[in-house]
Amino acid sequence: MGVTVNPTVSRRRLGSELRRLREISGMTSQQVAETLLISQPKISQLENGRRLIKPRDVRDLCGLYGVRDQRRVDQLMQLARESGRQGWWNAYDDIPYGAYIGLEAEAAAIRVYEPLVIPGLLQTRAYARAVIAGSIPHATAEQAAARLQVRMRRQNRLREPGKPLRLWIVLDESALRRVMGSREVMREQLDHVARLSAQPHVTLQVLPHDEGAHPGVSGQFSLLEFTDAADATVVYLERFTSDLYLEKRSDVRCYGDMYAHLQARALSPDSSRSFIEEVIQAYVGTEFRPDAR
């Protein structure tokens, strides 16, 4: 088994394929549940990739759905084995958003709206440390250190040779103005953001305060997009004690429309970089120098 296996994505792909086979067979999830003497919510959780499934259960479902191709059954059983393995993030204790990291690691593109902080994929170590310390005051030193390590490692997705993550960010002006750590930390952080936003696979737009009310006032959200049609697009909503993952087409379409409105209201990428440079000058009180450290 290669080290690149992503258990989160394997689980989603398996669930999607099991749902497709069930629909081809003409059975409803309720009929499957009654036949196997399990609850209907369990079937839904399996098909949505929210629940682990054992290889033998995959074999039984394939038999129920009339799958005669043994090679296909074996492939699905292998996906079940992969989905039970642990991703690199499971080595860290107290990381509640492991499912999101698994999706992020496999996504081809992510669109992010962030109203309050610089997104984790763009954070410097000093800025991330300040955000973690301030937003999770109950965390122990060990827990904070683990979260910092995970956040830094996630950024490898932007540096993958040949296939870096395609990242599009709409960033509210508040994230630029809110001082995390110190003014020096902010200067370094915004300098980092300005340089990253010039890379071809990163697009950043700033949404100024004077734009007033807009579709993002309800809070942060991300749209994770996958090349595999089975995975489609997932909407991710980050919350303090739990996260939400939306996959219904109507939900994805709604958030996609919201994001399009935010893009239209925000400054262009070039104007956004100029805006960020002006904010940096306000922090340092001197001319912006992108190579200064």
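Everything that follows concerns the structure shown earlier in this document.
Residues numbered from 1 in each chain as written. Predicted model: local features only at pLDDT ≥ 70, side-chain atom pairs only at ≥ 80, totals over all residues. Heavy atoms only, no water.

Participant: Tell me about the packing of aromatic side chains, and name the residues and values.
Facilitator: Geometrically, a pair of aromatic rings is defined through the distance of the ring centres and the angle of the planes. Tallied over the full model, the rule gives five aromatic pairs. The interplanar angle of 40 degrees and the centroid separation of 6.0 Å between the aromatic rings of Tyr 113 and Phe 221 together place this pair among those described as tilted. With a gap of 108 residues between them, Tyr 113 in strand E1 (residues 109-114) and Phe 221 in strand E4 (residues 221-225) connect regions that are remote in the sequence. Their ring planes at 40 degrees and their centres at 5.3 Å tell us that Tyr 236 and Tyr 245 sit as a pair that is tilted. Like Tyr 245, Tyr 236 is buried. Among the aromatic residues, those joined into a cluster by ring pairs are Tyr 113, Phe 221, Tyr 255 and Tyr 259. (Phe/Tyr/Trp six-rings, centres within 6.5 Å; stacked < 30°, edge-to-face > 60°. Helix = DSSP H or I, 4+ residues; strand = E, 2+ residues; numbered from the N terminus. Buried < 20%, exposed > 50% of the residue type's maximum accessible area, 1.4 Å probe, protein only.)

Participant: Explain the sheet that holds E4 residue by residue, including any values.
Facilitator: Taken together, the six strands give an open sheet; going across it, the order is E3-E2-E1-E4-E5-E6, and neighbouring strands pair in mixed fashion. In this open sheet, the two strands that pair with only one neighbour each are strand E3 (202-207) and strand E6 (244-246). Across the sheet, the mean angle from the axis of one strand to that of its neighbour is 15 degrees, orientation sign disregarded. As paired elements, E1 and strand E2 (residues 166-172) share six bridges and run parallel to each other. Its bridge partner lying in E2, Arg 111 is registered against Trp 168. (Pairing = 2+ DSSP bridges. Axes fitted to C-alpha atoms, helices over the stretch in contact; angles between N-to-C directions.)

Participant: Describe the pairing of E4, naming the residues involved and giving the relevant values.
Facilitator: Counting buried residues along E4, four of its five residues qualify, which places the element largely inside the surrounding structure. With five bridges connecting them, E1 and E4 associate as antiparallel partners. Bridge pairing in E4 links Val 112 to Ser 222. Of the strand pairs in this sheet, E4 and strand E5 (residues 233-237) are connected by four bridges, and their pairing is antiparallel. Looking across to E5, one finds that Glu 225 is bridged to Thr 233.

Participant: Give a description of the side chain of Gln 155 that names residues and reports values.
Facilitator: Counting through the fold element by element, Gln 155 comes out in the loop between helix H8 (141-154) and E2. A polar contact of 2.7 Å, which involves the side chain of Gln 155, links it to the backbone oxygen of Gln 123. (Polar contact = N/O pair within 3.5 Å; in protein donor to acceptor, adjacent residues only side chain to side chain.)

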